Amino acid sequence: MFSVGIAGATGYAAGELLSILAGHPELEPALLCAGTSRGKLRDFHPHLRTYADLEVEETNARRLARNDVVVLGLPHAHAGKIAADIEAENPRCRIVDLSADHRLENEADWHAFYPGDYYGSWTYGVPELLRRDGPSHRERLKQAKNIAAPGCNASAVIFATQPAVAAGLTDGTGITATLAVGYSGAGKTPKPNLIFSEAIESAAPYKVGGTHRHIPEIAQALRTAGGVTRSLSMTPILVPMSRGIVAVVTIPLRDAVSADDVENAYRNAYENEKFVQLCDAPPSTGLVRGSNAALVYATLNRDGEAITAVCAIDNLMKGTAGAAIQSLNLALGLDESTGLKQNGMAP
Ligand SMILES: NC(=O)C1=CN([C@@H]2O[C@H](COP(=O)(O)OP(=O)(O)OC[C@H]3O[C@@H](n4cnc5c(N)ncnc54)[C@H](OP(=O)(O)O)[C@@H]3O)[C@@H](O)[C@H]2O)C=CC1
Ligand SMILES: CC(=O)N[C@@H](CCC(=O)OP(=O)(O)O)C(=O)O
């Protein structure tokens, strides 16, 4: 059994992680920390009956570092410093960062989209990431000490797009992603635009015009898959659902290709994957609620000029906590799917 210390334990992402741990035979929460919240876990996550009596304490790097694993569910720009403190205290402690603080390999990308200091990059927590060169990403995760869990919007766009990039069907120009996203992606901290009367009966685009901070993260993954990614447009739209993301990505083609070429590219990428699966019809978020699945559909447009690819995920599962546990399982030498559900909830 591995002990797990969790920072940001009262938040949505860590709450989902705790929900997975409740069914995980090898991981046990040992220390729960938050910012200002104090008390029993039942005061913050009343649905997590298994751990209702665990205490939520002050965030303390020295105490967190005593665990085999630390998961940081903190706002971005808050995880880098505490991760460095934990490493200094106990270099053997594995750290999984759910924030963006260790995702970007290029420091200039970090400063262009995030506040605060740059703390370097860790192995990206997406086992299914396609790599043009060297060992597979899954093999790299098996060797990883620390893991940078992915952004949820980024995950959906990457799963939809990387097969076309890896197969050389696109030169990376003009890829356009539009996403319908649920409110839990914004976290638990109350904000005026997130209250019920603003949310219900409304679909609200945000971070338009190439300003969303997941753009460099997606471009980095597509470069890893073998593409150039000259431009990338990504626009999320908040829609009234608590969890879920469906990304619709238009991928202009380099040369004329057949429907079989498109099918082969996507089948080659995902045919052996348990959690990223191809569908015969565009998937909806309802199919993946509560599961670690990413469902992908891709088709050649009728005019033959582009591929339309669709990916649905649960932002809190395959978009964060599920991806984190799947990657951590690999790093710990466990079966990759330990504690993770493939099936969604229905209705
Ligand atoms: N929600 C999602 O779908 C996804 C989230 N992520 C990332 O996961 C991380 C956590 O997100 P999420 O759970 O949604 O956020 P929440 O706002 O729901 O939770 C944030 C947590 O961090 C704690 N916290 C805030 N500031 C500090 C601080 N200065 N020191 C210590 N603890 C602090 C909060 O404690 P307190 O209760 O005391 O305020 C709370 O426990 C973020 O980086 C987010 O971007 C990544 C992918 C998807
Ligand atoms: C609805 C909503 O606001 N969603 C968030 C997704 C957050 C996420 O994926 O987390 P990281 O910040 O860790 O990358 C957003 O689009 O910013």
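Just so it is clear, the structure is predicted and the values come from calculations on it, not from any experiment.

What exactly am I supposed to notice about the sheet that holds strand S8 (residues 147-148) here?
Each strand in a sheet pairs with its neighbour through backbone hydrogen bonds, running either in the same direction (parallel) or in the opposite one (antiparallel). A sheet is described by the order of its strands in space; here 8 strands give the open sequence S3-S4-S2-S1-S5-S6-S8-S7, paired in mixed fashion. Looking along the sheet, the strands with just one partner apiece sit at the ends: strand S3 (39-40) and strand S7 (123-124). Sheet analysis places strand S6 (residues 94-97) next to S8, joined by 2 bridges and oriented parallel. The partner of Asp97 across the bridge, within S8, is Ala148. Against the sheet, helix H3 (residues 79-89) touches strand S5 (69-72) and S6, its axis set at about 170° to S5.

How should I be thinking about the UniProt feature "active site" (unreviewed entry) in the protein in this particular structure?
Those residues carrying the UniProt feature "active site" (unreviewed entry) are Cys152 in this numbering. The contact partners of Cys152, leaving out residues within four places of it in the chain, are His214, Ile245, Ile313, Asn315 and Gly319.

Whenever I open this one, the site of ligand 2 confuses me. Can you help?
Around ligand 2 sit 14 residues in total, of which Arg103, Cys152, Tyr206, Arg213 and His214 are the nearest. Cys152 is positioned with one of its backbone polar atoms (N or O) 2.9 Å from an oxygen atom of ligand 2. Taking Asn153, its side chain carries an N or O atom lying 2.9 Å from an oxygen atom of ligand 2. Calculation on ligand 2 without its partners gives an accessible area of 440 Å², and the protein chains cover 85% of this total. Comparing atom positions with the cavity grids shows ligand 2 to sit within the largest pocket. The class makeup of the residues in the shell around ligand 2 is 6 nonpolar, 6 polar and 2 charged.

Looking at this model, I keep getting lost on the site of ligand 1. Mind explaining?
Not every one of the 30 residues close to ligand 1 is listed here, only the nearest: Thr10, Thr36, Ser37, Leu74 and Thr320. Tyr12 is positioned with one of its backbone polar atoms (N or O) 3.0 Å from an oxygen atom of ligand 1. A distance of 2.6 Å separates an oxygen atom of ligand 1 from a polar backbone atom of Leu74. Notes on ligand 1: free accessible area 900 Å², of which the protein chains cover 81%.

Help me understand helix H9 (residues 259-270), please; the structure alone is not making it clear to me.
Each full turn of the α-helix corresponds to 3.6 residues, which orients residues three or four apart in the same direction. Here H9 contains 12 residues, and its C-alpha end-to-end distance of 17 Å stays within 8% of the 16 Å for a straight helix at 1.5 Å per residue. If you check which residues of H9 are buried, you get Val262, Ala265, Tyr266, Ala269 and Tyr270. Around the axis of H9, the buried residues are gathered within 105° of arc, so they sit on the same side. Turned more than 90 degrees away from the buried face of H9 sit Asp260 and Asn268, all of them exposed. Buried residues along H9 sit against helix H6 (152-166), strand S12 (245-252), strand S13 (276-278), strand S14 (294-300) and strand S15 (306-313).

Thresholds, definitions, all that
Residues numbered from 1 in each chain as written. Chains lettered and ligands numbered in written order. Predicted model: local features only at pLDDT ≥ 70, side-chain atom pairs only at ≥ 80, totals over all residues. Heavy atoms only, no water. Pairing = 2+ DSSP bridges. Helix = DSSP H or I, 4+ residues; strand = E, 2+ residues; numbered from the N terminus. Contact = heavy atoms within 4.5 Å. Axes fitted to C-alpha atoms, helices over the stretch in contact; angles between N-to-C directions. UniProt positions renumbered as here; feature names shortened; annotations may be inferred. Near = heavy atom within 4 Å. Polar contact = N/O pair within 3.5 Å; in protein donor to acceptor, adjacent residues only side chain to side chain. Areas by Shrake-Rupley, 256 points an atom, 1.4 Å probe, with all protein chains shown as cover. 1 Å grid on protein atoms, 1.4 Å probe; cavity = no way out; pocket = protein on both sides within 12 Å on 5 of 7 lines; lining within 4 Å. Sits in = over half its atoms within 2 Å of the grid points. Nonpolar A, V, L, I, M, F, W, Y, C, P; charged D, E, K, R; others polar. Expected span 1.5 Å × (residues − 1). Buried < 20%, exposed > 50% of the residue type's maximum accessible area, 1.4 Å probe, protein only. Arc of directions from axis to C-beta.

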